[in-house]
Amino acid sequence: MPKRVDHEERRTQIAEALIQVAGRRGLHAVGMRDVAAEAGVSLRLVQYYFQTKEKLLFYGLQYLTDRFTARVGARLAAAGPNPGPRATIEALLLASLPTDEESRTFHLLYSSYAILAVTDDALAAQPFIDNPDAAENALTQLFEQAQETGLADAGIDARTEAISLLAMAATMGTSILVGQRTPDSAIAVLHHHLDRIFNGGPTPPPA
């Protein structure tokens, strides 16, 4: 009896291979043959599932985004059953900083996707992400929630602060990658700005 193939598992295997080889060589230098070799499958099989390099790259972006979402979820779970607006915002921001191998690969490849989407017509024809304003909207709502409950400065503009912090986290992530600053110094900067916004001041250290 022939073995039943789990197609989603096979796509995941190929996406993992894309991320691994792109993390080492850079997304621009990766071809379908490289991914096939990394996954231990034939080039024909990669082409069967994704047809073109652009479709493979787009699937890889979706897969990378799903992994980031899981990373944020793990941080929130570690913060307890009711983390509150500040802890939730910190989870979103800190998960994007390249502080370990997984987050380093995420930041490197996500930045590479953004650049390729500008210069590659086929990739640019695909939506870069399903909802490009999702993170901005989420942070804005969390700041507004904190203002309504007296946890954050009522005078701030919630959306402006959300945009500023996301841009700051992205830029500092790149500065960590190139060795301009350490992860600890970047985290300290984010905490400084959150202390300014939230009335409670610094987050107390865990007991």
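Calculation rules
- Residues numbered from 1 in each chain as written.
- Predicted model: local features only at pLDDT ≥ 70, side-chain atom pairs only at ≥ 80, totals over all residues.
- Heavy atoms only, no water.
- Buried < 20%, exposed > 50% of the residue type's maximum accessible area, 1.4 Å probe, protein only.
- Helix = DSSP H or I, 4+ residues; strand = E, 2+ residues; numbered from the N terminus.
- Arc of directions from axis to C-beta.
- Contact = heavy atoms within 4.5 Å.
- pLDDT = per-residue confidence, 0-100.
- Phe/Tyr/Trp six-rings, centres within 6.5 Å; stacked < 30°, edge-to-face > 60°.
- Salt bridge = Lys/Arg side-chain N within 4 Å of Asp/Glu carboxyl O.

### Examining helix α2 (residues 32–39)
- All of the buried residues in α2 are M32, V35, A36 and A39. Viewed end-on, α2 has its buried residues packed into an arc of 100°, placing them on one side of the element. For α2, exposure combined with an orientation more than 90 degrees from the buried face picks out R33 and A37.
- Turning to α2, the residues buried within the fold contact α1 (7–25), α3 (43–50) and α4 (53–78).
- Following α2 by one or two positions, G40 adopts a phi angle in the positive range, close to 75°.

### A word on the confidence of the model for the protein
- On average, residues of the protein score 86 in pLDDT, and 88% of them reach the 70 mark or higher.
- Looking over the protein, one finds the lowest element-wise mean pLDDT in helix α7 (residues 121–124), namely 68, and the highest in helix α10 (residues 183–197), namely 95.
- Every residue in residues 201–207 is under pLDDT 50, and counting partners more than four places away or in other chains gives seven contacts.

### Some remarks on the side chain of E161
- Its location among the elements puts E161 in helix α9 (residues 158–177).
- The contact partners of E161, leaving out residues within four places of it in the chain, are F143, I156, R196 and I197.

### Description of the packing of aromatic side chains
- Under the defined criterion, the tally for this structure stands at five aromatic pairs.
- Taking the centre distance of 5.0 Å and the plane angle of 80° together, the rings of Y48 and Y49 count as edge-to-face.
- Judged by relative accessible area, Y49 falls into the buried class, the value being 9%.
- Considering the side-chain rings of F106 and Y110, the 5.2 Å spacing of their centres and the 25° angle between planes classify their relative orientation as stacked. Residue F106 and its partner Y110 are both found in helix α6 (residues 101–119); the two are separated by four residues, about one turn of the helix.
- F106 sits in the buried class, given a relative accessible area of 13%.

### Examining the pattern of salt bridges
- Counted according to the given criterion, the structure contains eleven salt bridges.
- E90 serves as the salt-bridge partner of R86, at 2.9 Å between the closest nitrogen and oxygen. Remark: E90 and R86 occur in helix α5 (residues 84–95); sequence separation between them is four residues, near one turn of the helix. Both residues of the pair, R86 and E90, count as buried.
- Where salt bridges share partners, they join E16, R67, R71, D100 and E102 into one cluster.

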